[in-house]
Amino acid sequence: MSTAAFTRPVLGFCAYGSGSGKTTLLTRLIPVLTARGLRLSVVKHAHHKFDVDKPGKDSYRLREAGAVQTLVGSDIRWALMTERQRVPERQSTTIELSELLPQLDDSVIDLVLVEGFKQAEIDKIEIHRPSLGYPLLAPGDDSIIAVAADAPLSAAAVPTLDLNNPEAIADFIAHWMKDSTP
């Protein structure tokens, strides 16, 4: 499935390097967007090994016993864990956004925010802090529709947003959603 086939708007947040503030911005932006009535899903790319389960719990024991997928559910939430290394055709492949989006229930959301996956072919807002010395991605990436920065930028070919103003970024996203929804 391509990301274009997903039925809800998908907007990415990317940066040249880690420590730029993607998660910090999203944790400030999500409450603003939800206060405006949007139901959100977030997909975060992890570059390292991580685990959401705890040793000793039944779900952990079942997964460690060899299950490819373990779904844990309660009246409050459910979580699906998939062990990609146990699927031969996916063992040596890089995770793609198009593999994850179909796991979301698009009937309960209005917008998907994606942190990372800077190579994905989706519209993205670049997070840029000139003080870190990283180059801008926007000049070489047509999918970047705006740059959120904490200082003025001299040569941005796309709109520049104030990284420290989540309300203004939410306004930009609202306009983007109107323009990108068929």
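Just above sits the structure.
Small disclaimer: the values here were computed from a predicted structure and weren't measured.

A.B. asks: Which residues make up the pairing of strand β4 (residues 78-82), and what values go with them?
C.D. replies: As paired strands, strand β3 (residues 69-73) and β4 are joined by five bridges and run antiparallel to one another. Within the sheet, the bridge partner assigned to Q69 lies in β4 and is T82. Hairpin connection, β3 to β4: the antiparallel pair is bridged by four residues.

A.B. asks: Tell me what's going on with the sheet that holds strand β1 (residues 10-14), and back it up with residues and numbers.
C.D. replies: Sheet architecture is open: six strands sit in the order β2-β5-β1-β6-β7-β8, paired in parallel fashion. The two strands at the open ends of the sheet, each matched to only one other strand, are β2 (40-44) and β8 (160-162). Shown here is a sheet whose adjacent strand axes are inclined to one another by a mean of 25 degrees, direction ignored. Both β2 and strand β5 (residues 111-115) contribute to a ladder of five bridges, which runs parallel. Within β5, the residue paired with V43 across the bridge is V114. Here helix α1 (residues 22-35) sits on the sheet and contacts β1, β2, β5 and β6 (123-128); the angle it forms with β5, its principal contact strand, is near 170 degrees.

A.B. asks: Provide a residue-level description of the packing of aromatic side chains, including the pertinent values.
C.D. replies: Counting across every chain of the model gives one aromatic pair. Pairing Y16 with Y134 gives two aromatic rings, centres 5.2 Å apart and planes at 40 degrees, and the pair type is tilted. Note that Y16 is positioned in the loop between β1 and α1 and Y134 in the loop between β6 and β7 (144-149), a separation of 118 residues in sequence. What makes Y16 partly exposed here is its relative accessible area of 41%.

A.B. asks: Any details on the nonpolar core? Residues and values, ideally.
C.D. replies: For soluble globular proteins, nonpolar side chains are generally found buried alongside one another. L11, F13, L33, L111, I125 and I173 are the most contacted members of the largest nonpolar core, which has 25 residues in total. Mapped onto this core, the elements with two or more residues apiece are β1, α1, β5, β6, β7 and α4 (166-180). Top element by residues in this core is α4. It accounts for six residues. Those residues in contact with F13 that lie beyond four places of it in its chain are K22, L25, L26, L29, L113, V114, E115, G116, I125, I127 and I173. In terms of nonpolar packing, the next biggest core, distinct from the first, is built from 12 residues, I95, L97, L101 and A120 among them.

A.B. asks: How would you explain the pattern of salt bridges if you had to name every residue and give the values?
C.D. replies: Using the criterion set out here, one finds 12 salt bridges in the structure. Note that D171 and R36 form a salt bridge whose closest N and O atoms lie 2.8 Å from each other. In this pair, D171 sits in helix α4 while R36 sits in the loop between α1 and β2, placing the two residues 135 residues apart along the sequence. Among the ionic pairs, R129 bridges to D150, the shortest N-O distance being 2.9 Å. Separated by 21 residues along the polypeptide, R129 in the loop between β6 and β7 and D150 in the loop between β7 and β8 bring together distant segments of the chain. Under the relative-accessibility criterion, R129 is labelled partly exposed at 22%. Judged by relative accessible area, D150 falls into the partly exposed class, the value being 31%. Each of D53, R63, E64 and E83 takes part in salt bridges that share partners, so that together they form one network.

A.B. asks: Can you tell me about the packing of α1 against α4, naming the residues and giving the values?
C.D. replies: One can describe the packing of α1 onto α4 by two numbers: an axis separation of 9 Å at closest approach and a directional angle of 65 degrees. Of the two possible hands of crossing, α1 and α4 adopt the one that is right-handed. Between α1, through L25, R28, L29, V32 and L33, and α4, the contact on the second element is made entirely by P166, E167, I169, A170 and I173. Classifying every residue of the contact of α1 with α4 by side-chain character gives eight nonpolar, no polar and two charged.

A.B. asks: Give a description of the environment of S143 that names residues and reports values.
C.D. replies: Considering the arrangement of structural elements, one finds S143 in the loop between β6 and β7. Looking at S143, the relative accessible area reads 15%, which means it is buried. S143 sits 15 residues away from H128 along the chain, and the two C-alpha atoms are 15 Å apart. Ignoring anything within four residues of it in the chain, the contact list for S143 reads A120, I122, D123 and K124. In terms of polar contacts, S143 uses its side chain to reach the side chain of K124, at 2.6 Å. Of the polar contacts made by the side chain of S143, one reaches the side chain of D141; its length is 2.5 Å.

Conventions adopted
Residues numbered from 1 in each chain as written. Predicted model: local features only at pLDDT ≥ 70, side-chain atom pairs only at ≥ 80, totals over all residues. Heavy atoms only, no water. Pairing = 2+ DSSP bridges. Helix = DSSP H or I, 4+ residues; strand = E, 2+ residues; numbered from the N terminus. Axes fitted to C-alpha atoms, helices over the stretch in contact; angles between N-to-C directions. Contact = heavy atoms within 4.5 Å. Phe/Tyr/Trp six-rings, centres within 6.5 Å; stacked < 30°, edge-to-face > 60°. Buried < 20%, exposed > 50% of the residue type's maximum accessible area, 1.4 Å probe, protein only. Core = buried A, V, L, I, M, F, W, Y, C linked by side-chain atoms within 4.5 Å. Salt bridge = Lys/Arg side-chain N within 4 Å of Asp/Glu carboxyl O. Left-handed = near helix turned anticlockwise from the far one by under 90°. Nonpolar A, V, L, I, M, F, W, Y, C, P; charged D, E, K, R; others polar. Polar contact = N/O pair within 3.5 Å; in protein donor to acceptor, adjacent residues only side chain to side chain.

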